Structure formats: C-alpha cells, structure tokens
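# Topology and contacts: notes
The chain contents come next:
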Amino acid sequence: MSDEPQPQQPNKGWAPRKPQAAGEGKPDTPHKPDQASKPKKAKRTKRTGWRRLIPTWRVVLSTCVIGVLLLIGGFFLGYSLVHIPAANALATKQSNVYLYADGSVLARDGEVNRESVALARISKDAQHAVLAAEDRDFYTESAIDPMAMIRGGWNTATGKGKQSGSTITQQYVKNYYLAQDQTITRKVKEFFISIKLDREKSKSEILEGYLNTSFFGRGAYGIQAAAHAYYGIDAKDLTAAQGAYLASLLNAPSQYDVVAHPENKSAAESRWNYVLDGMADQGWLTESERAAAKFPMPKETTISTSMSGQRGYVVNIVKNHLVQNDIVAEEELDRGGYRITTTLQKDKQDAFVKAVDDKLMSKLDKKDRKVDNYVRAGGASVDTRTGKVVAMYNGIDYVKQYTPNATRRDFQVGSAFKPFVFASAVANGSKTQDGRLIKPGTVYDGTSERPVQGWSGGRYAPENEDHRDYGDVTVSEATDKSINAVYAQMAVDVGSDRVMRTAIDLGLSPSTPELTPSPSIALGVATASPLDMAEAYATLANHGKHGTYSLVEKVLKDGKHEVELPQRREQQAVSREAADTTTSVLRSVVQNGTATAAQAAGRPAAGKTGTAEEDTAAWFAGYTPELSTVVAVMGQDPKTAAHKSLYGATGLPRINGGGAPAEIWGQYTRNALKGEPVTDFDLRIQSGANVTESPSASASGEPGTGDESGSGDPTGDQDTGTGTPDRTGGGSTPPGSTGGDDTGDPSAGGPTSDGATTEPGPTGGGDDSANIGDSAEDGEGDPTGADGGNDDEGDTGTIAGIPIPPRRQ
C-alpha cells in the first residue's frame, strides 16, 4: 500500500456542482425548472424576552370582537331573562286618609304614611323642583345614564360620598320594584328593568311613580304625605319654594329637616338654593320669581296618624260603614291607599266636643265622686235635608275609651221613643178604644199603673214616675210630661206591630235590640244608638221623608280611581201630616215640657227627653229645621263595662234628659248653626189637632181584654222584670189639675207641673204581662231634680231607704 496521502472525498452536499449541459444527466430524470429564479420565503422572527408578553394585533382584534359579541349577547340575554317584577310590599303600602267635608285632614291610619296621588294633583312647581334636584334631563334622556353611573361610582370609590348616578327612572325602579340593598345583582336588575320600563311607560307615569314612592323624612313616603308632614297642605298647593325644600330632602331626608336639626340649616338652604337655581336655568322659574323666593320654614313635627281624641272613633265607624255597605272590601281597606272624604264638618265637630266638655265633663269630680267615673257621653248630628252626618261625639279619647258611644246599641232610649208611637198613630189614622181619632188634643187616662185596654198578651200596667197619677190629660200634655200610662195605651190602640214598623221606616235598624211589638215598645225598651235616633228624628224634621244617613262624600283609590257610592234614595216613611203634627207636639216639650234647657239654641226646636231603666242613661233627641241631633249620657263601669246608674253624677241627685243632654244639645246647636239664618218650621198639621176630645162617660174606666185580676201589684202573676229597687211614697195630682198650658215659666228652668214617669225593664217582647215599668222616667223641669210640681210634696220617693227626688228628663 502506498504511503502517499490519498485524496479525501468531500462530504455529500458540499461538493461543487457543475452546470449540466442540456441533455446531460440520467436519461430517466425529468427536467425541472431552474430553482434559482424563485424568491425565497422570509422567516418569522421569533419573539423573545419581555416582548412575548405583549399581545399581537391579531389577539387584540380577536378579543375585541369576541368581547363585543359577548356583551351584545349578554345584553339580550339579560333583557330577555329579567322581567319587570311586581311592586315590593313597602312601595304599595299606604295609609288611608280620612278628610273632613272641607278637605282638611281628619285622620290617617296604617303603619306607612303614604298617600299616592295622580301627577295632576302635584303642583308643577313641585314637579320641576324634583327634576331640578334629581334629573334635569329626565324628559329627554334615556332610562339610564352610563356616564353618570361611572361618575357616581368613581366618586364613591374616591371617598366623595355614595353617589348612585342613577336617573329618576332607575331610582323609581329601586323604590318601587326592588330592595334598597347595594348589591351587584340588584344593580343589574335595576339596569334592565329601567330600560324595559322606559319602553313600556311614559315619562309622566314614571315621574308620578317616583314622586309617590320617594322617602322625604318624618315618616312620609310620597310627596303628598310629605306636603302634609312639613307644611300641612296638599301636594297640589306646594309653591316653588316649598317644592324646592321637599326636593332637597330627597338627598338627605333626616339631616335636612331644619326643625329636627337646626344645626344643618345652612346646608339645607344651600341645597335649596341649588334646586331653585336649577329651576331658573331650565326656564321653570323667571328671574324675578327666583329672586323673590324665601326659604320656607316647615312646621313643627306632628304625628299625623294619631288616633287620639275623636279621630280613632271616626276612622273605625267610617271603616265599618264602607264595609257593611259593600262600598270597599275590608281586605282592600287594609291594603291602604284610600282617600275618604267624610260628611263631617270640622266646625260642627269641634262645637260638639266643646259642648260636651262645657256642660258635662267639666263638672265631673272623679276623685271625690265614684259615680263620676261611670259617666260617658255619645251623640250624633244629621242634616235633616240631606241625611249627612255632620258631627259625632263618641267619647273623651279613643286611646282611653274605645267604645264609640255614637253608634253603640246597648242602652235603652227611654221616652225618646214615644214620638214614634204618636207619629204612627196619626199616620195610620188610629183610634182609641172608644173610637176617638188620636190627635194632640185627644184625652187619655194618665193614672199610674192603669192596666192597658185591648192588649191580649196578659196584664200590663206600667207605672208613672213615682207612681204619680195625672188623671185625664191630652196627648200633648202627656208628651210634655212623658206619661207612661198614656203612651202604653196608645201603643195598643195603634197596634204595637205598626209602631215597630213606623220606627223602622223612620230610621231605626230592624235589628235594633229589644225592638219588638208589645205595649212596652212605647216606653223605649229598645236600645237604638244615638246615630239611629238622629236619623229617625231627621225624618220627622224632613216632613216624613226618610233617606238613610251618609257618612262618606267621596272615596278615591290611589288618588285617581273614584269608588262608586250608593245613591241616596228618599221615601215617604210617614205622611207629612203625621210628621208635622208630631213636630208640633215636640215643640211643646221644648217650650213647656221637660226639655226647656234646649231653648238655649235660640231657634225654633222640637224634641223629646228620655231616661233608661235605673237611670243608666239619659237622652235628649231634638231638631231644628236644619239639624237633627241626639245626645245621650250613659253610665258604664270603666273596668267591667257593666251598665251603671248615674244617681249623684255631677253632684246632682239624678242625670236626666232635661239636664246635661238638653244643655249640651242647646249649646251645640247654637254654635253649629251660628251665622245661618233662623228659620221656623213649616208645618201642615192634622185637622183639628188642638181640639180637646175627652172619652165618653160610658167608655171611661172600662177594662181591656188583658188579665186585670190584680190591683196593680207588681208581684202578682207577672214576670217581675228588672228587679229595680222599689219606690214608695208619692202623692197624686187630682185629675185635670194641670192643663197643657199650666206649665209655669220656662225661663225659671222648667214647667211647674210634675210629669215623672217610669220606664219598663229590659224585656220588650213576648209576654209583657209584667209591670216592667220599674225603670224611672222623669218629667220635671228642675235641673237639680227637686220637685217642681204644684202640690207634690210627697213625690220624693225612696230607693233603699234613701230619699230620691223626682227627675227631670
């Protein structure tokens, strides 16, 4: 082998290539174009280091496109998934507002002080003030303001206070549909609901909702409640200055109340000026109006929902009236939102309260006289022509005495019922047992405990007060002196079923307790309410035309939907002749009888006194041509609610209808009608009404068909009735010793003739064979209870051995 170095074979691929001539090469290799003429592809520079962290433009574009698509998809998804919900409970909860007839607020009930009103019932100035404070572009902007939301979020995040940046639409959605919590979920819902609401409701509807749901402080939700809480007026009467102050409160309700926080007055005024300036900038105020505006100090804080005084009684009575007459369902009232205008007139209501205070409550001494703790008063006053209840008295204070005395039906009305008997007699053309037409001049036997004639239900012989005998008396005189024996007989002569029908036609409820057909019906065993009696007496004053009383003038739901009220219908309950003749008889009671105290009204008046069994209640029911008013003084144990006698109350031996009730009636009627012209009764009385017609000699003293075997012994074969303490003593007046006109000088306090009678016990139906005339019915005019008769020194009587003088009723 040669030692010479051998030539090395170059590595494959690195050997230089010779250009090949055309046609050279392997015969089986196809020809390829020249590769040197084709441009080479540039290689991508690899990103290294920190540059790898920056996204490429392709990534940015892709991300933006995907993000926009996601936002659009999310928006439509949210829009489709989020529905406008039902209003939250707080937003729909309202108080019911009760108003006097003149529109002034009487009371509010409910836990939430809100009264929704239509936008038309909010002054334009107040509307503009709220827009200037909260959203000046409300009518031109969309439901949401993204920039304001971003700005509000930024200010909140940077410590400039919580600022929602919400539009009025968004705030309304939060108030009305959602809760007040600050959560992402709530904000998302608010966003979508606002957009939907803006498409479905007008701007005016949204503004109205916002103004009715916003909180203004002092417990007031909605601008109507706020207007009353701060200025005592309706929202429709707000001025620009007042509206601007209320609008300022939306920003900080508690802090900007300058009465509760006088130290913040400068801040409140600054906000107030901001609102007014905005109103001027928007053209809602002229420059001169802006310059003249003065800060309107709100009134002192009051509790507008208080049920004290007469308010609570009225609220409950009106509620029952609405429910029982199917005007508004009870559950609907509980939801609130009703604006109820009553028929009550504030001046008359105040006059009633003052009269009771002056003539009764101021005379009570509850520390030294135990009986004075039992005294209660109730009353009602009705317009005789319209049937509207213009005033009521229910008790000293609803929060102290809950029972409404004007509408309660548990005290006997006593002889205040007797006019219904006479009216029924005239209306039915009734005659006495011996065939004489019953008129004011018809003579009856007024002997105490005389058995009634013509009654088949058993012996019934009611006693007069203190067993007093009157002998032959006319119907007019028997009414003046409230003689039981005469009226019990008259009830049988007319027919007690007809008497009951007349009483119902005049206005008493058919469900009145103890209103049953029997002779005792004439003595007032029925327990009608003062309001019932006022309605019935109003029918007499209205010439026999009856229409049910009304307590409500108008009812609005949510400030705009008026509730239909039943139409008042009048009907002729008794003939005009019957009603007017009864009025003529009752005028004599005021002029000459037991009710001379009612003359204090200073007007023509008619009426009747009454006293319940055992002096548990005393009544005066009377009327002028304009007003029918009934007053009752009642005795009730404040702890057990048991009925109590009123002997000795106010320091007098007895409380009777001619005393405090007639005195209250006189003062109230004088003040209630003050300034109105004095009018007289226009009467068309029964023909021959005042002609005295005595019974024939053969008819006098004839027994009736009832059991007359006894001699007036109340313990005979009859039901003993009430068990009222027995009375002894009492002389008799010779028959005919007093006439219809021999009543003395009314100015001296009453008539000079005694007319005491006795009321029956509590039973009024079934077998009236008992002498249930043990309840005292008085008839004299001496307000102290002293005997004012001509020759009746023996008429004092005793109860449990204690001398009791006759009462004046």
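The structure under discussion appears in the preceding block.
The structure reproduced in this document is the subject of the present report. Note that this is a predicted model, so its numbers are computed, not measured. (Residues numbered from 1 in each chain as written. Predicted model: local features only at pLDDT ≥ 70, side-chain atom pairs only at ≥ 80, totals over all residues. Heavy atoms only, no water.)

## As for the overall build of the protein chain
Within the protein chain one finds 21 helices and 20 strands. In the protein chain, buried positions account for 51% of the 809 residues. Long-range pairs, those at least 24 residues apart, make up 74% of the contacts in the protein chain between residues at least 6 apart in sequence. (Helix = DSSP H or I, 4+ residues; strand = E, 2+ residues; numbered from the N terminus. Buried < 20%, exposed > 50% of the residue type's maximum accessible area, 1.4 Å probe, protein only. Contact = heavy atoms within 4.5 Å.)

## Section: the nonpolar core
General note: in soluble globular proteins, nonpolar side chains tend to be found buried as a group. In this structure, Phe-417, Met-490 and Met-533 are the most contacted members of the largest nonpolar core, which totals 123 residues. One finds Val-130, Leu-211, Ala-226 and Met-279 within the second-largest nonpolar core, a separate group that totals 45 residues. (Core = buried A, V, L, I, M, F, W, Y, C linked by side-chain atoms within 4.5 Å.)

## What about the environment of Val-525?
Note on placement: Val-525 falls in the loop between α18 (496-506) and α19 (530-541). When the C-alpha atoms of Val-525 and Ala-612 are compared, they prove to be 7.8 Å apart, with 87 residues separating the residues in sequence.

## Focus on the sheet that holds strand β12 (residues 561-562)
Across the sheet, which stays open at both edges, the five strands sit in the order β2-β1-β5-β11-β12 with mixed pairing between neighbours. Unpaired on one side and paired on the other, β2 (105-109) and β12 mark the two borders of the sheet. In the sheet, strand β1 (residues 96-99) pairs with β2 via four bridges, with the strands oriented antiparallel. From the neighbouring strand, Leu-99 faces β2, where its bridge partner is Val-105. In this fold helix α12 (residues 311-324) packs onto β1, β2, β5 (338-342) and β11 (552-557), with an angle of close to 75 degrees to the strand it touches most, β2. (Pairing = 2+ DSSP bridges. Axes fitted to C-alpha atoms, helices over the stretch in contact; angles between N-to-C directions.)

## With respect to the pattern of salt bridges
Inspection of every chain in the model, using the stated rule, returns 26 salt bridges. Close ionic contact of Asp-350 with Lys-346 constitutes a salt bridge, the shortest N to O distance being 3.0 Å. With a gap of four residues between them, Asp-350 and Lys-346 both fall in helix α14 (residues 346-359), about one helical turn apart. With relative accessibility at 38%, the residue Asp-350 sits in the partly exposed group. Lys-346 sits in the partly exposed class, given a relative accessible area of 37%. Among the salt bridges present, the one from Lys-481 reaches Glu-477, with a minimum N-O distance of 2.5 Å. Judged on exposure class, the residue Lys-481 and its partner Glu-477 are both buried. Beyond isolated ion pairs, a larger network of salt bridges with shared partners links Arg-108, Glu-115, Asp-234 and Arg-339. (Salt bridge = Lys/Arg side-chain N within 4 Å of Asp/Glu carboxyl O.)

## Some thoughts on unusual backbone geometry
Phi is mostly negative for residues that are not glycine, and the peptide bonds are mostly trans. Even without being glycine, Asp-326 reaches a positive phi, approximately 55 degrees. Relative to the assigned elements, Asp-326 resides in the loop between α12 and α13 (330-335). Classification of Asp-326 by relative accessible area gives exposed; the value is 71%. One non-glycine residue, Asp-615, lies in positive phi territory at about 60 degrees. One can find Asp-615 in the loop between β14 (606-611) and β15 (617-623). A relative accessible area of 0% places Asp-615 in the buried class.

Such coordinate-based values are descriptive only and should not be taken to indicate function.
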